[in-house]
Amino acid sequence: PKLLSINRSSLGYRPKPISPQTQLHVMRILSMIFDHGLKYDLVARNPVKAVRKPKVQKAEIKTVPHQLLPDILRWLNEHSPSSVLPTLVAVLTGMRRGEVLGLKWSDIVLDNGQSFITVQRSLVETGNHIEVNPTKTKAGSRRVELPSSLVAPLVEWKRELREKWEILPSDTNGYVFGIPITKRFPLRPGGLSLAFKRAVTALGHGDLNFHALRHTYATTLLEQGEHPL
């Protein structure tokens, strides 16, 4: 162990501190284990109960300044065109990243005087693997009304895929967003987040991430007098 410690130090190794939130999760799991032991008389007490819980500071909720949104979309249009429309959908609907990228054309209604999305799934990226999961909560499966400003871009995107790129919904397993030039569908969640991070960093707001768009949407509704629920 001493030699290992020296070698790690010489390589500049510095163990990452365990965050208070992770400590709290571990304590909860350990407490459940000891409670199980108490139930079957395997232990005399639950020692975790005597341990002081770490203080967990709530993360600051960040929002994207409204005046920055057009600049972000312009940057994406120039450097990552396939990220523009998914970002715009997130801006105008408040949907989560995985929900946006999990959209299929069958989820979108754009005719008969109606325009709405049925949120049914979410994409999650783990390493190089993309999983299709149910929405984050039961209430997450919902109908989202589309603002009129989104209808034309979605219709144009569908036309462009068909006419310019010769890509049909059947070629993409029905997914709406992807990279047409390489015919990669769906668009990877990590790729969208990276493009967004590059955009805001280039614009001097590197502390923002894609999820901040959801907070921005909710904050905007509250400011306009919408009920919190």
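Residues numbered from 1 in each chain as written. Predicted model: local features only at pLDDT ≥ 70, side-chain atom pairs only at ≥ 80, totals over all residues. Heavy atoms only, no water.

Our focus in this paragraph is the overall build of the chain. The secondary structure content of the chain amounts to 8 helices and 5 strands. Secondary structure elements of the chain occur, N-terminal to C-terminal, as α-α-α-α-α-β-β-β-β-β-α-α-α. Computed over the C-alpha atoms, the radius of gyration of the chain is 23 Å, more than 25% above the 17 Å expected from 2.2 N^0.38 for a compact globule of 229 residues. Seen along its three principal axes, the alpha-carbon backbone of the chain occupies a region of about 70 × 45 × 40 Å. Summarising the internal contacts of the chain: among those between residues at least 6 apart in sequence, 59% fall at separations of at least 24. Of the accessible surface of the chain, which amounts to about 15200 Å², a share of 56% is contributed by carbon and sulfur atoms. (Helix = DSSP H or I, 4+ residues; strand = E, 2+ residues; numbered from the N terminus. Rg over C-alpha atoms; globule rule 2.2 N^0.38 Å. Contact = heavy atoms within 4.5 Å. Areas by Shrake-Rupley, 256 points an atom, 1.4 Å probe, with all protein chains shown as cover.)

Every other side chain in a regular strand lies on the same face of the sheet, so the side chains alternate between the two faces. Direction of pairing for strand β1 (residues 108-109) relative to strand β2 (residues 116-119): antiparallel, over a ladder of 2 bridges. Along β2, the bridge assignment pairs Val109 with Phe116. Here β2 pairs with strand β5 (residues 142-145) via 4 bridges, running antiparallel. Bridge pairing links Phe116 to Glu145 in β5. (Pairing = 2+ DSSP bridges.)

With that out of the way, let us pick up helix α6 (residues 148-163). Between its first and last C-alpha atoms α6 spans 23 Å; for 16 residues at 1.5 Å apiece the expected length is 22 Å, and the two agree. Every buried residue of α6 is accounted for by Leu150, Val151, Leu154, Trp157 and Leu161. Down the axis of α6, the buried set is contained in an arc of 135 degrees. They therefore lie on one face. In α6, the exposed positions angled more than 90 degrees off the buried face are occupied by Ser148 and Ala152. (Expected span 1.5 Å × (residues − 1). Buried < 20%, exposed > 50% of the residue type's maximum accessible area, 1.4 Å probe, protein only. Arc of directions from axis to C-beta.)

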